[in-house]
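# Secondary and tertiary structure notes
These are the residues of each chain, in order.
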Amino acid sequence: MQNKGLVKLFALLFGLVSLYQLSFTFKSNQIESEAAEIAINKIPESEDDYRAKRSQEEANYLQSIATDTVFNIGIAKFTYNDVKAKAMNLGLDLKGGINVILQVSVKDILKGLTNNTKDPLFNKALDDATELQKNSQNTYLQDFFVAFDKIKGDTKLASPDIFYTKALDGEIDGTMSDDEVKNIIETKIDESIVSAFEVLRKRIDEFGVTSPNIQRLGSSGRILVELPGVKDVERATGLLQSTAQLEFWDAYKGEQFFPFLSQANEVLKDIVDTKTDAEQAEPQDEENATDSQIDDLLGDAETDSTAVAAVNPVFDLIRGQGYPGGPVIAKFEIKDKETVLDYLNKPEVRSLLPAEQRYTKFVFGKPEKDSELVDLYALDGNRENTPQLSGAVVTDARNQFGPTGKSEVSMQMNAKGAKIWEEMTGKAYTQGSQIAIVLDDVVYSAPGVTTGPIAGGSSSISGDFTLNEAIDLANVLRAGKLPASADIIQSEVVGPSLGQEAIDSGKMSFTIALALVLLWMIFYYGKAGAFADIAMLLNILLIFGILSGLGAVLTLPGIAGIVLTIGMSVDANVLIFERIREELGKGKGQKEAIQDGFSNALSSILDANITTGLTALILFIFGTGPIKGFATTLLIGIGTSLFTAIFITRLLIDWYANRGGKLDFSTGITKNLFRNINIEFLKKRKVAYIISGAFILLSLGSLFTNSLDQGVDFVGGRTYQVRFAQDISASEITGVLSQPDVFGSADAKTFGDANQLKITTKYKVNETGSEVDEDIRKTLYSALQPHLDGVSYEDFISDADTKTVGLMKYYKVSPTIADDIKQASFWAILGSLIVVFLYILIRFKRWQYSLGAVVAVFHDVLIVLGVFSLTYKFMPFSMEIDQAFIAAILTVIGYSLNDTVVVFDRIREFFNEHSNWNFNKVVNVSLSSTLSRTLNTSLTTLVVLLAIFIFGGDSIRGFMFALIVGVVVGTYSSLFIATPIMYDTVQGLEDKKKKKD
């Protein structure tokens, strides 16, 4: 081998750089473990909310050492920030945390650009676009334009009632065509989404999450946010979805509206279904108590409470009142908020308001902790429904402790805001009224002013905040408000205890698979196998080093990709060693056989790895989250495997041979295995066609009748992984959750051990928002409570590191994004087939080779799908068709092509070397001569896959099963489908030519 010195230098440098990169990961883990230990010692479990306090203590400690030198390697010193930036990032499934895709509401942005126009045509176009989105791959804006063009008539987008507004004056004028306006609106929408992206990025930076990932997904208004390691999921989702629309309003005194409530109650009697209200009334004792309060409120002690309870739409719902002179009108139950607002905003009711109060804005307050009641406020509104002062004037915000020791948020305003604030506080002081501080249409506090006008623009927000709530509110106010609402359309939540289990299972599967492969290589190839093992260990070091250096995220599928790479990297060494054995069998000397073996194997190695690499590349392009991690490690592994197999193994073998060492490339047991084989494969092709045809027909029949178990990735819905203290019946839980008063329809399956279920439901699948998610979780908990052995709701949803019972993982996909995932998966598979077809066509210069390879791939994919369709109902593990399954299919495609290309390469070689042989003999001898390599690689890969399948954790068991089936079927198809199809098409053309001649 030439340039041995250069290869040694590169190997040494690559190894040292990898060790250097990985050292930061080890140091980072050590420091974070110390931080966790400090927090545990400082905050005992006896303290209230100890988990949140420990998390905050950890963050504070790490923040305190952020710029301290914590790592000294002699030639350089590194702070904790430096160490963390260079450490390998663990993904959601290994570290726990949250992964969401947010959809910034383009509809809201469009409304804002029109100044919330009431134009019926514009609003109908918005509604039509919303309907189109359910079955469309367009962006919302594109569908809006389609919907508007369809119904616009003579109306233009540049109409004064639509986009020719004061805010857009100078950019849009009434003479513009629709196409010109569309270009401007597209720019405005993009600017708003960029603004939303920056706001979210600032909030996340303030949140203090280690290794966050935030990125825009195309031009659709979707933003991917990954927050590994987050323990307080509710806090994180609230941070992401809060628009932070801060407003300051003058508040009316509550008692001013008592007469209005009485009049509203009388009017509503005639327009509300009082029978329904009466049926929903509270038991008699509670009614009497409530009515007594209402009597006191209205000064009518003679009212018959029983009669009132039967016919009073508003009074039936009142559960208390505010203090005299205060801003609270009355107290209601949280569940009745929407009903009350609906009542009070009916035109017939609002018409009862005095002229000076006709623009009153009714808003509910922030519920107190552990309370089911919420306060109703009346704010001094106006025709434009705009506050006297908005949060845009806030220049800084900090959390602090108020005079009573409770958390609150202090704010500083700019000059314009300070002036208005002074006027508002002066008015409130003079009138003895309050100023309501409203965040996202919720009154957080409504303080009075007792010391006169407040100058300078300083103020504070109080509202019974926890420490974390105050910190988060200050953070979002500093970062700014979102330009529109951001709904979570896809989310995955993994508890840290489940993440730790994944790490443990990943380590076990990795260790067992590696040990089996290392032992197998020594068993089969003797000393040469030991050299291959050394190269393989360097390969693993390089993979982890490159992952760390690139800042890539390591996921459980990523670990599977590395382990699979170990199995597949054996292929290159097997190809080389088998060729060397052939050369030795021809009587060549050891050095010459080694040289010729490496040279002859190079073409097959490159072709096989390039085809696998192409499918991995397509998977990387179309995949998201953990699947992208799988593709990343596979791509890196292919590159490092080529380097170590071609150069490092060669370097070691040459070094040993030049020292006079003897290498047989076999052991006593394997020396004569697969020698002098001459199987007539082509004679068996018709039998193979019949067998494959039968399997394909069976698969297609099952696919059409039994279908597939499609996961929420493809159909939308919510999935909950719940663990119980004892074994649980999946069918019993399915029945409980499918009751009309629970989810109506749900499916529970045993997932892993018998005490763990995977629960899937489409209940409220089209509704988004944290309140909906919380409501569904509470419904789930209530239904499962008899089986949870007294576990509280807080413990059920908690994110404790040592959690063993409760909600372990949560995954949600909206139908819209499910449709997008399905289409992306289709294009990923089709794209891989097209790319590989073209590569084989270019490489072998005959379309028959490409046809044989693609037919074999279709054969493999159909059979894998068929196996899943036939067996998913009774297999003891999840066999859902999701993104991970698509990754498995693409890997099967790559593996099948790997096998097929090696055979094709040998056929091409023999065809050129033995021009006097007929084509039938060339094909049979080629298949026979590569049989040792084919079976050796397949068995090694299967051993690796079985190790991951058994020890790698429940979440990837279905993924591994698909790969196992794919490897078995792929090995068969490369021998009995791909090559015979190629042979038959070539031979068919030859026969036609002979007939013409």
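For the structure, check the block above.
Let me sum up the structure you'll find in this document. (Residues numbered from 1 in each chain as written. Predicted model: local features only at pLDDT ≥ 70, side-chain atom pairs only at ≥ 80, totals over all residues. Heavy atoms only, no water.)

## Side note on the overall build of the protein chain
Operational definition: Helix and strand labels come from DSSP, where a helix needs a run of H or I of at least four residues and a strand needs a run of E of at least two; each type is numbered from the N terminus. Think of it in three bands: with a 1.4 Å probe and only protein chains considered, a residue is buried below 20% of the maximum accessible area for its type, exposed above 50%, and partly exposed in between. By definition in these notes, contact holds between two residues if any of their heavy atoms fall within 4.5 Å.
Each helix and strand counted, the protein chain has 33 helices and 23 strands in total. The buried share of the protein chain, taken over its 997 residues, is 54%. Long-range pairs, those at least 24 residues apart, make up 73% of the contacts in the protein chain with a sequence separation of at least 6.

## A short note on the packing of aromatic side chains
Threshold: A pair of aromatic rings is counted whenever rings of Phe, Tyr or Trp (Trp by its six-membered ring) have centres within 6.5 Å, and the orientation is called stacked for planes under 30 degrees apart, edge-to-face for over 60 and tilted otherwise. Only when the NZ of Lys or the CZ of Arg is both within 6 Å of the ring centre and within 35 degrees of the ring normal is a charge said to sit over the ring.
Counting across every chain of the model gives 37 aromatic pairs. Between the aromatic rings of Phe10 and Phe14, the centroid separation amounts to 5.7 Å while the plane-to-plane angle is 35 degrees, which identifies the pairing as tilted. Remark: Phe14 and Phe10 occur in helix α1 (residues 4-42); sequence separation between them is four residues, near one turn of the helix. Overall, the relative accessible area of 40% leaves Phe10 in the partly exposed class. Counting every residue linked through ring pairs, the aromatic cluster contains Trp520, Phe523, Tyr524, Tyr525, Phe577 and Phe665. Between the NZ or CZ atom of Lys921 and the centre of the ring of Trp917, over which it lies, the distance is 4.3 Å.

## Here's the deal with the pairing of strand β20 (residues 717-723)
This is how the line gets drawn: What makes two strands pair is DSSP finding at least two bridges between them.
Of all seven residues in β20, seven are buried, a share of seventy percent or more. A two-sided burial pattern is seen for β20, the buried positions comprising Gly717, Thr719, Gln721 and Arg723 on one face and Arg718, Tyr720 and Val722 on the other. Pairing analysis gives seven bridges linking β20 to strand β23 (residues 806-813), with the strands arranged antiparallel. Looking at the pairing, Gln721 lines up with Lys809 of β23. Pairing geometry for β20 and strand β22 (residues 756-761), over six bridges, is antiparallel. Opposite Tyr720, over in β22, you have Ile759 as the bridge partner.

## Here's the deal with the side chain of Lys182
Mapped onto the fold, Lys182 is located in helix α8 (residues 178-207). Once you skip the residues sitting within four places of it in the chain, Lys182 turns out to touch Phe145, Asp149 and Leu157.

## Some words on helix α30 (residues 883-913)
How we decide: Working rule for helices: expected span equals 1.5 Å times residues minus one.
The end-to-end C-alpha distance of α30, which contains 31 residues, comes to 45 Å, matching closely the 45 Å that a straight helix rising 1.5 Å per residue would cover. With 26 of its 31 residues buried, α30 lies for the most part within the structure.

## Some thoughts on the packing of helix α21 (residues 590-622) against α30
Stated precisely, the cut-off is as follows: Angles run from 0 to 180 degrees between N-to-C directions of axes, and those axes are lines fitted to C-alpha atoms, restricted for helices to the stretch in contact. Roughly parallel covers angles under 35 degrees, roughly antiparallel covers those over 145, roughly perpendicular covers 65 to 115, and oblique covers all other angles. In this scheme, a crossing is called left-handed if the near helix is turned counterclockwise away from the far one by less than a right angle; it is called right-handed if the turn is clockwise. Only Asp, Glu, Lys and Arg are considered charged, only Ala, Val, Leu, Ile, Met, Phe, Trp, Tyr, Cys and Pro nonpolar, and every remaining residue, Gly among them, polar.
Relative orientation of the contacting elements α21 and α30 amounts to 160 degrees, with a least axis distance of 8 Å. In terms of orientation, α21 and α30 fall into the roughly antiparallel class. When the axes of α21 and α30 are compared, the crossing they make is right-handed. Along the contact surface, α21 presents Ser603, Ser604, Asp607, Ala608, Thr611, Thr612, Thr615 and Leu619, while α30 presents Ala887, Leu890, Ile893, Gly894, Leu897, Asn898, Val901, Val902, Asp905 and Arg908. Here the contact of α21 with α30 is composed, by residue class, of eight nonpolar, seven polar and three charged.

## Considerations on unusual backbone geometry
Of note in this structure, Asn115 is not a glycine but carries a positive phi near 60 degrees. Positionally, Asn115 belongs in the loop between α5 (106-113) and α6 (120-133). What makes Asn115 exposed here is its relative accessible area of 63%. Unusually for a residue other than glycine, Lys845 sits at a positive phi of about 60 degrees. Checked against the element boundaries, Lys845 lands in the loop between α28 (815-844) and α29 (847-871).

## Re the side chain of Lys758
As for its position among the elements, Lys758 is in strand β22. Classification of Lys758 as buried rests on a relative accessible area of 18%. Excluding residues that lie within four positions of it along the chain, Lys758 makes contacts with Thr719, Tyr720, Asp747, Ala748, Lys749, Phe751, Ser878 and Glu880.

## A few points about the pattern of salt bridges
Put simply, the rule is: Every case where a carboxyl oxygen of Asp or Glu lies within 4 Å of a side-chain nitrogen of Lys or Arg is listed as a salt bridge.
Considering all chains together, one arrives at 36 salt bridges under this definition. A salt bridge links Asp571 to Arg933, with the shortest nitrogen-to-oxygen separation between them at 2.6 Å. Here Asp571, found in helix α20 (residues 556-585), pairs with Arg933, found in helix α32 (residues 931-951); they are 362 residues apart in sequence, far enough to count as distant. Overall, the relative accessible area of 3% leaves Asp571 in the buried class. Given the relative accessible area of 3%, Arg933 is considered buried. With a shortest N-O distance of 2.6 Å, Arg908 and Asp905 are connected by a salt bridge. On the criterion of helical spacing, the pair formed by Arg908 and Asp905 is a turn pair, its members being three residues apart in helix α30. The structure contains a network of salt bridges with shared partners spanning Asp149, Lys152, Asp178 and Lys182.

## Some words on the packing of α30 against helix α31 (residues 919-929)
The contact between α30 and α31 brings their axes to 9 Å, and the two run at 130 degrees. When the interaxial angle is binned, α30 and α31 end up oblique. The handedness of the crossing between α30 and α31 comes out as right-handed. Taken together, the residues of α31 that come into contact with α30 (itself represented by Val903, Arg906, Ile907, Phe910 and Phe911) are Phe919, Val922, Val923, Val925, Ser926, Leu927 and Ser929. Considered class by class, the residues forming the contact of α30 with α31 number nine nonpolar, two polar and one charged.

Shape is all these values report; function is a separate question.
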